[in-house]
Amino acid sequence: MERIGVGLALIVALCWGSADIVATIAARRQGTFATTQLSLIVSSMVLLLFGCLAQPQLLLGRGPSPVISGLGLGFLAGILTAVGYFSLYRGLELGPMTIVSPITAADGVVGAILAVLFLHNSLSFWQTGMMLMVFVGVVCASFDPTEVQRFMKAGRATSLFKGGIWWGLLAMLSFGVMLFSIGLLSATWGWYLPILYIRTVAALTLLS
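These numbers were taken from a predicted model, which means no experiment stands behind them.

S.K.: Just to check I follow, could you spell out the layout of surface pockets for this structure?
M.R.: In this approach a probe as big as a water molecule rolls over the atoms, and the regions it shows empty are the leftover space. When its volume is computed, the largest pocket comes out at roughly 910 Å³. Cys15, Trp16, Ser43, Tyr85 and Arg199 are, among the 27 residues lining the largest pocket, the residues nearest its centre. Those elements giving two or more residues to the lining of the largest pocket turn out to be α1 (2–30), α2 (32–53), α5 (71–94), α10 (165–189) and α11 (192–207). For the lining of the largest pocket, the per-class residue count stands at 21 nonpolar, four polar and two charged. Of the pockets and cavities examined, the second largest pocket occupies roughly 220 Å³.

So, in structure tokens, the structure goes:
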């Protein structure tokens, strides 16, 4: 099972990286909004089709009570997911992708921090150290050294962050909350329903 998990994680990383490349090209050609909306609609349709084909294996019959109790959290996560994808694609449109994409990928650390704060999960000393290293890397990649020098000399700076970085940071925070919500809902909904519900809400939010 552990090898399967590692293999799936590698596939996820490959898919995310490929999606960022395609999204960068699409956002710069047709704009952020159209790219985000099309991405969310297509992903929701694919998830719905997958659910119809794999329904016996997904064990969807969990009863209405646990599903209804999580609708509010899922709705909030769906709105933040729309914000996250729009921010990511806007950041990729402005570039550079080599900085925006890794910053957004730190969303797992945000989800882990939320789990520690609200679910009382524990982290070892080494895990905490690795999380701090990720955030240090995000800060180093985000700041523009030339603007820092201007700030030190003139006492002000036009923008301490490079173009698109603000959007990448917003996407990181939004996706972190989304991951936390999916993990929380998965305890009662299973893994499939939270993803389908959150992405559907995100698509409808952006469309509205």
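S.K.: Looking at this structure, I do not really get unusual backbone geometry. What am I missing?
M.R.: For residues other than glycine, phi is negative in most cases, and the peptide bonds are mostly trans. One non-glycine residue, histidine 120, lies in the positive phi region at around 60°. Mapping histidine 120 onto the fold places it in the loop between α7 (107–118) and α8 (125–142). Of the residues examined, histidine 120 reaches a relative accessible area of 67% and is grouped as exposed.

S.K.: Can you walk me through the packing of aromatic side chains in this structure?
M.R.: Each aromatic ring pair is specified by the distance between its two centres and by the angle formed by the two planes. Overall, the coordinates contain eleven aromatic pairs when judged by the stated rule. Here the aromatic residues Trp16, Tyr85, Tyr89 and Phe175 are joined through ring pairs into a cluster of three or more.

S.K.: Mind showing me how you'd approach a nonpolar patch on the surface here?
M.R.: On the surface, Phe75, Ile79, Val83, Leu94, Trp167 and Leu170 cluster together to form a nonpolar patch covering roughly 460 Å² of accessible area. Those elements giving two or more residues to the nonpolar patch turn out to be α5 and α10. A total of four residues in the nonpolar patch trace back to one element, the largest contributor, which is α5.

Reading the values: rules and limits
- Residues numbered from 1 in each chain as written.
- Predicted model: local features only at pLDDT ≥ 70, side-chain atom pairs only at ≥ 80, totals over all residues.
- Heavy atoms only, no water.
- 1 Å grid on protein atoms, 1.4 Å probe; cavity = no way out; pocket = protein on both sides within 12 Å on 5 of 7 lines; lining within 4 Å.
- Points joined across faces, edges and corners; volume = space filled by probe spheres on them.
- Helix = DSSP H or I, 4+ residues; strand = E, 2+ residues; numbered from the N terminus.
- Nonpolar A, V, L, I, M, F, W, Y, C, P; charged D, E, K, R; others polar.
- Buried < 20%, exposed > 50% of the residue type's maximum accessible area, 1.4 Å probe, protein only.
- Phe/Tyr/Trp six-rings, centres within 6.5 Å; stacked < 30°, edge-to-face > 60°.
- Patch = residues over 30% accessible without salt bridge, like charges linked within 9 Å, V, L, I, M, F, W, Y side chains within 5 Å.
- Areas by Shrake-Rupley, 256 points an atom, 1.4 Å probe, with all protein chains shown as cover.
- Salt bridge = Lys/Arg side-chain N within 4 Å of Asp/Glu carboxyl O.

Such coordinate-based values are descriptive only and should not be taken to indicate function.
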